[in-house]
Amino acid sequence: KNIINNHIMSYDYHQYVQSIQRHRHKEHTSHIRGAVDRMTVATPPDLDPLQHSVEGFASLSKHCPMTPLLWMQYAHDTEMLMMGLYL
């Protein structure tokens with residue numbers, strides 16, 4: 001059971017946040033690796049980790065109010081995803 005402050009939750013808040021952070025970390029390391037690769041070969045950025053991160057934020061926001069920091073991360077990831085789609 002997922003219990004926070006004596007309330008039983010129908011979702012696992014920590015699992016959502018950890019999943020989002022894993023995808024954000026994967027995107028960051030992919031971005032750094034891709035920048036080095038693009039110096040030699042034209043390769044498009046990997047948008048999958050950003051897509052999964054944005055989906056995670058959307059799912060989490062359906063279950064509970066998000067903290068301001070999570071909203072800022074959500075906005076940043078969405079912006080980066082949109083920029084990647086335009087390129």
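Up top you'll find the structure we're talking about.
One structure accompanies this document, and this report is about it. Just so we're clear, the structure is a prediction, and the values are computed from it rather than from any experiment. (Residues numbered from 1 in each chain as written. Predicted model: local features only at pLDDT ≥ 70, side-chain atom pairs only at ≥ 80, totals over all residues. Heavy atoms only, no water.)

Topic: a nonpolar patch on the surface
Residues Met 82, Leu 85 and Tyr 86 make up a contiguous nonpolar surface patch of about 370 Å² in total accessible area. Position of Met 82 among the secondary structure elements: in helix α3 (residues 68–86). For Met 82, a relative accessible area of 37% translates into the label partly exposed. (Patch = residues over 30% accessible without salt bridge, like charges linked within 9 Å, V, L, I, M, F, W, Y side chains within 5 Å. Areas by Shrake-Rupley, 256 points an atom, 1.4 Å probe, with all protein chains shown as cover. Salt bridge = Lys/Arg side-chain N within 4 Å of Asp/Glu carboxyl O. Helix = DSSP H or I, 4+ residues; strand = E, 2+ residues; numbered from the N terminus. Buried < 20%, exposed > 50% of the residue type's maximum accessible area, 1.4 Å probe, protein only.)

Things to note about the packing of aromatic side chains
With the rule as written, the count across this model stands at two aromatic pairs. On the numbers, 5.2 Å between centres and 25° between planes, the contact of Phe 57 with Tyr 74 is stacked. Here the residue Phe 57 occupies a position in helix α2 (residues 48–63), and Tyr 74 occupies one in helix α3, the gap between them amounting to 17 residues. For the pair Phe 57 and Tyr 74, a shared accessibility class is recorded, and that class is buried. With centroids separated by 5.6 Å and ring planes inclined at 35°, the aromatic side chains of Trp 71 and Tyr 74 adopt a geometry described as tilted. Here the residue Trp 71 and the residue Tyr 74 both occupy positions in helix α3, the gap between them amounting to three residues, near one helical turn. (Phe/Tyr/Trp six-rings, centres within 6.5 Å; stacked < 30°, edge-to-face > 60°.)

Overview of the environment of Ser 61
In this fold, Ser 61 is placed in helix α2. A relative accessible area of 27% means that Ser 61 is categorised as partly exposed. In the structure, Ser 61 is positioned ten residues away from Trp 71 in sequence and 9.1 Å away in space, judged by C-alpha atoms. If we skip the residues at most four places from it in the chain, Ser 61 touches Met 66 and Trp 71. Engagement of the side chain of Ser 61 in a polar contact is seen with the backbone oxygen of Ala 58, the distance being 2.9 Å. (Contact = heavy atoms within 4.5 Å. Polar contact = N/O pair within 3.5 Å; in protein donor to acceptor, adjacent residues only side chain to side chain.)

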